[in-house]
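# Results of the structural survey
Chain by chain, the residues run as shown.
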Amino acid sequence: MQFTKHKGLRLSRKQSENAVAYGFVTIPMALFLFLSVGIFIYAIYISTFDWGIMGPTKSVGLDNYRKAFSDPIFLKAIKNSVKYAVLVVPIQSALGLYLALLVNSKIKGSKFFRSAFYFPSIASSAAITTLFIFLMAPDGVFNSVLRFFGINTSNLFNQGAWLSDSRTALYSIIGLNAWTTSGTMMLFYLANLQTVDSQFAEAAVMDGASRRQVFWYITMPLLKPAHLFVVATGMIGALQLYDQAILAGGADGSPDYSLMTMVLYIYNACFRKFEFGYASAIGVILFVIIFSLTVLQKTLFGSAAWKGEN
Amino acid sequence: MSKFRRYGFYSLLIFYSVLTIVPFLWSLSTSFKPSDEVYQRNLVPNAPTMKAYSTVFGKIQPNFQTLFANSLFIACVVVILHLVFAALAGYAFARLRFPGRDLLFFVVLGCMMIPDQLRLVPMYQLLVKMGLINTGPSNYLAIFLIKAISAADVFLMRQYFLTIPKEMEDAAKIDGAGPFQLFARVMLPSAAPVLATVAILTFQGTWNDLFWPSIVLQSPAHWTLPFGILQFKGQFSTDWPPIMALVVLSTVPILALYTFGQRYIINVQLASSSKG
């Protein structure tokens, strides 16, 4: 009798503990299930329809996906997004690492330099891109500076119209975004550097290692968690390029679709052509690319990821 | 460090600082220039004028005050939503035991993998069905619903709650605190640094966001600052001083926030990375 009563008491306490826990998680989880999981399934559902402004007209199976890969502008968008990601990620990561190493040394004013280097990362992309469209105009400051150093851009192949020439527009955006994001990457490297024990480097120096050797054989391997994190977040961010493209090139990614990215293409399919089924299919394709890259990165480098799992 | 090396080192640091700061100084300078000076190379305007500012404060529709109020309103509401939901869920996942906890946390991690661009079409369809894509005040609800909760913030809060010593909880329990008192009086105060971080990063992200406002906001009266910059850049095309004034005015609040909160931002990179 005593025993069952005790057991019953414990059970009800367990139940009330559960009730408390569900009290904490019910609303957040309901929001996740509705706004992310449900929306995700709905996206796949929409992508199998011919879905116009009046709603779904007919089920088309995988036709929207087939259509995407036969559209030269979509292929151009994929090419641009991938080219952008492949170029911008190494540049912003290397620059971020370099800046982190610079400000991590024991020098006067390192706090000021750290803030200064992070500065471009805090302003909005709308503000920064607009500013750079102005600075990189044919008569703008950027070309004046180049002229000062003896490079007369008006004689060059694009007459200094960096953002309105299809041969240089994407590269200009790459330069701009490497500059803005390197501050964030620097912070991630700094966080990692502060956990690295300096004993290893000191021991190596005692053993007669050169500065270069210490960097390549000691510091770089110890920064592996930051490398993984910086490359992964950089890649995902790069494939979602939209703001800078629409600001500099408009909805068409002008000139000549040179700034047409995958996300801009979704925007066009959705809000200019009102092909919601098709736009949704492109969204799914983008998700598959990002997801595969993340999985690939995890399997290649082991699951001991930067994000807390180790 | 040799003297020579130190000079080289400092010149590198100063060179890159110039590269990060001068573009912003240039926008500040241009916002005070008369139109005919815009493409001149002088950093200090020869004939400084406030004309650009009187344009953005008065002549443009919507004016700066409206854009600013919208950005502030939307960012503040989203910050509150993120704080509440991330604290609740983060605490439960870190400190409470209940059936299905690991599965639910796995769902949260999965939500971090879903890009906003995939949510665009279904979310838009849903909002149309709910009648939130309109020019009235309920249009704001569309943005709040889209941004109601962030999986990354839940994750961040959980990581932080995991690091709070168990003893603090036990002490409060002995004093007879119930589960919600424990949460509100003990756990939340000790999580203040990470709450500040979530607030700052969410504010910055929402304040700067162009993607969702450009898709959802239907009436100029609801535009945010980044969306306003996108629109006016098209309208003014070559009249740079007012646009630069908008660039300056939209950056100053976020700069102030960063200056005030930078220790939290740097701390959190550490919290989310090294602990677990």
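Note that the coordinates shown come from a computational prediction; the quantities given were computed from them, not determined experimentally.

### Quick look at the overall build of chain A
- Broken down by element type, chain A carries 13 helices and 2 strands.
- Here chain A has a C-alpha radius of gyration of 26 Å; the compact-globule value for 310 residues is 19 Å, and the former is much larger.
- Along the three orthogonal principal directions, the C-alpha set of chain A runs to about 95 × 70 × 30 Å.
- Within chain A, the fraction of its 310 residues that count as buried is 43%.
- Expressed as a percentage of contacts within chain A between residues at least 6 apart in sequence, the contacts between residues at least 24 apart total 66%.

### A closer look at the domain arrangement of chain A
- Domain annotation for chain A reports domain 1 (2-46) and domain 2 (67-301).
- Placing a centre on the C-alpha atoms of domain 1 of chain A and another on those of domain 2 of chain A gives a separation of 41 Å.

### Observations concerning the pairing of strand β2 (residues 55-59) of chain A
- Burial within β2(A) is sparse, with just 0 of its 5 residues counted as buried.
- Following strand β1 (residues 49-52) of chain A, the chain reverses through 2 residues before pairing antiparallel with β2(A).

### Description of the interface of chain A and chain B
- Chain A puts 69 residues into the contact, and the matching count from chain B is 66 residues.
- Among the elements that line the side of chain A that touches chain B, the one with the most residues is helix α1 (residues 2-46) of chain A, at 19 residues.
- Of the residues in the side of chain A that touches chain B, the class split is 49 nonpolar, 16 polar and 4 charged.

### Re the nonpolar core
- Among the nonpolar cores identified, the biggest contains 160 residues, and Tyr189(A), Ile266(A) and Ile282(A) are the most heavily contacted of them.
- Dropping the residues within four chain positions of it, Ile282(A) is found in contact with Ala68(A), Met262(A), Tyr265(A), Ile266(A) and Ala269(A).

### Quick word on the environment of Met112(B)
Residue and element names in this part refer to chain B.
- With respect to the secondary-structure elements, Met112 resides in the loop between α4 (101-111) and α5 (116-129).
- When the 15 C-beta atoms within 10 Å are taken as the criterion, Met112 is described as partly exposed.
- Each C-alpha atom, one on Met112 and one on Ser150, is 8.1 Å from the other, the two residues being 38 residues apart in sequence.

### What to know about helix α4 (residues 110-118) of chain A
- Every buried residue of α4(A) is accounted for by Phe113(A), Arg114(A), Ala116(A), Phe117(A) and Tyr118(A).
- Its buried side turned inward, α4(A) meets α3 (72-104) and α7 (169-193) of chain A together with α1 (3-31) of chain B.

### Points about helix α6 (residues 139-146) of chain B
Residue and element names in this part refer to chain B.
- Regarding α6, the residues found buried are Ala142, Ile143 and Ile146. Viewed along the axis of α6, the buried residues span an arc of 95 degrees, placing them on a single side of the element.
- Where α6 is buried, its residues contact α3 (64-95), α5 and α11 (211-216).

### As for the domain arrangement of chain B
All names here are of chain B.
- Along its sequence, chain B is organised into domain 1 (1-49) and domain 2 (53-274).
- Measuring from the centre of the C-alpha atoms in domain 1 to the corresponding centre in domain 2 gives 33 Å.
- Residue-level contacts link 7 residues of domain 1 with 7 residues of domain 2.
- Looking at the side of domain 1 that touches domain 2, its residues break down into 2 nonpolar, 4 polar and 1 charged.

### With respect to the environment of Tyr258(B)
All names here are of chain B.
- Here Tyr258 is to be found in helix α13 (residues 240-274).
- Residue Tyr258 is classed as partly exposed on the basis of its 18 C-beta neighbours within 10 Å.
- The spatial distance from the C-alpha of Tyr258 to the C-alpha of Ile200 is 7.9 Å, given a sequence separation of 58 residues.

So, how was this worked out
- Once a new chain begins, its residue numbering starts again from 1 and follows that chain's sequence as written.
- Written order determines the labels here, with chains lettered from A and ligands numbered from 1.
- In view of the model being predicted, local features appear only for residues whose pLDDT reaches at least 70, and side-chain atom pairs are presented and counted only at 80 or more, with totals across whole chains, interfaces and linings using the full set of residues.
- In this description a helix means any DSSP run of H or I spanning at least four residues, a strand means any run of E spanning at least two, and both kinds are numbered starting from the N terminus.
- Here the globule rule reads 2.2 Å times residues to the power 0.38, and the radius of gyration is calculated from C-alpha atoms.
- For the exposure call, what matters is how many other C-beta atoms sit within 10 Å of a residue's own: 20 or more marks it buried, 12 or fewer exposed, and in between partly exposed, using C-beta atoms placed from the backbone.
- We call two residues in contact when the distance between their C-beta atoms, placed using the backbone, is within 7 Å.
- Where each domain begins and ends follows an automated or database-derived domain assignment.
- Two strands form a pair only when DSSP identifies at least two bridges running between them.
- Amino acid classes used here: Ala, Val, Leu, Ile, Met, Phe, Trp, Tyr, Cys and Pro are nonpolar; Asp, Glu, Lys and Arg are charged; the rest, including Gly, are polar.
- Think of a nonpolar core as buried Ala, Val, Leu, Ile, Met, Phe, Trp, Tyr and Cys residues chained together by C-beta atoms that fall within 7 Å.
- Taking the helix axis as origin, the arc is that swept by the directions to the C-beta atoms.

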